[in-house]
Amino acid sequence: MKYTQLGRTGLKVSRLVLGTMNFGPQTDEPTSHGILDAALGAGLNFVDTANVYGWGENKGRTEEIIGTWFAQGGGRREKTVLATKVYGSMSREGDTWPNEDRLSALNIRRAVEASLKRLRTDHIDVYQFHHVDRRTPFEEIWQAVDVLIQQGKILYAGSSNFPGYKIAQANETAARRGMVGLVSEQCLYNLSERRAEMEVIPAAEEYGLGVIPWSPLHGGLLGGVLKKEATVGRRAAGRSADALANTAVRAQIQAYEDLLDKHGLEPGEAALAWLLTRPGITGPIVGPRTAEQLESALRAVELELSEEVLAGLDEIFPGPGPSPEAFAW
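Residues numbered from 1 in each chain as written. Predicted model: local features only at pLDDT ≥ 70, side-chain atom pairs only at ≥ 80, totals over all residues. Heavy atoms only, no water.

### Brief notes about the nonpolar core
Nonpolar side chains in soluble globular proteins generally cluster together in the buried interior. Ranked by size, the top nonpolar core spans 79 residues in total, and within it Phe129, Trp142, Tyr256, Leu305 and Leu313 carry the most contacts. Apart from residues no more than four positions distant in its own chain, tyrosine 256 is found in contact with Leu191, Leu222, Pro267, Gly268, Ala271, Leu313, Ile316 and Phe317. Counting residues in hydrophobic clusters, the runner-up holds 11 residues, among them Leu11, Val13, Ala83 and Ile285. (Core = buried A, V, L, I, M, F, W, Y, C linked by side-chain atoms within 4.5 Å. Buried < 20%, exposed > 50% of the residue type's maximum accessible area, 1.4 Å probe, protein only. Contact = heavy atoms within 4.5 Å.)

Written out as structure tokens, the structure is:
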């Protein structure tokens, strides 16, 4: 495994981040524990989750699965950089109550305590704001974070799905309070979706945030979906199916798979390896449902893409270009 600093911090994290959103809804607890053990055994030390994962009536279930894994001991918690998120409502259907969502100081305090209990740990390494809260000023958010840092319940704060101007606003507010501010940003970023290059990634680089792309295969679209359809009859579903209904997108994905086939590369691994070449990227979030999917993701860390392949990928999936020239000139 290769490691890097998380943004401008002294914290060392693996170049892949283990996403756990499937733990519970799609992957049972024993299999989830097996994936966590395999990831840690391979040196992957960065685990990401959220308080709402498990979804529906099972919100919090994913954190519980991670908590029972930590409880097995063996240095599991000590070796793991743990990240979770706050924002979404934890209310159960029919029992909605005020102040159980968003980023008020009250909800942040309650959410941290609940996550710590489910995760069976005394602290969270990276506590992330899952979305922008336009109703709560950053002064209030940072006041709550400062208290939690002083209490030793969280170490760093990060963001997810923030636009560039909110990253700037958050960190300028933190600087006025003498605080470190945001150290990471999770955003949608992959070969097929490069809009983050316009504002989010430049803002993150300017303020020293590590960028953690989610959906690096764009819902499976970049994982060899057409090859699987042709060879094993596995048809695309969800976001991939919707995208492939567009003739132009289907042609683009076909060109992508043909390029990688020419160079003997697996699409999913190449898509992850491409992200690892991008400026400012800490590491993409991979969310394996099986041990085999984890093994494929791990191979991407060692994969070096040639200049010819990188140029071909840029031709198929052209980015917006440098900011602000891409939209100003």
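### A closer look at the pattern of salt bridges
Applying the stated rule across the entire model yields 16 salt bridges. Between aspartate 37 and arginine 76 there is a salt bridge, and its shortest N-O distance comes to 3.1 Å. Note that aspartate 37 is positioned in helix α1 (residues 29-41) and arginine 76 in helix α3 (residues 76-79), a separation of 39 residues in sequence. The residue arginine 118 makes a salt bridge to glutamate 63 at a minimum N-O spacing of 2.7 Å. Remark: glutamate 63 occurs in helix α2 (residues 61-70) and arginine 118 occurs in helix α4 (residues 105-119); sequence separation between them is 55 residues. (Salt bridge = Lys/Arg side-chain N within 4 Å of Asp/Glu carboxyl O. Helix = DSSP H or I, 4+ residues; strand = E, 2+ residues; numbered from the N terminus.)

### Regarding the sheet that holds strand β7 (residues 154-160)
Read from one edge to the other, the open sheet built from 8 strands follows the order β9-β8-β7-β6-β5-β4-β3-β10, with strand pairing classed as parallel. This sheet does not close on itself; its edge strands, each paired only once, are β9 (210-214) and β10 (285-286). Bridge count for strand β5 (residues 81-86) against strand β6 (residues 124-129) is 4 bridges, and the pairing is parallel. Considered in β6, the bridge of threonine 84 is made with tyrosine 127. Contacting β5, β6 and β7, α4 crosses the sheet at an angle of about 135° to β6. (Pairing = 2+ DSSP bridges. Axes fitted to C-alpha atoms, helices over the stretch in contact; angles between N-to-C directions.)

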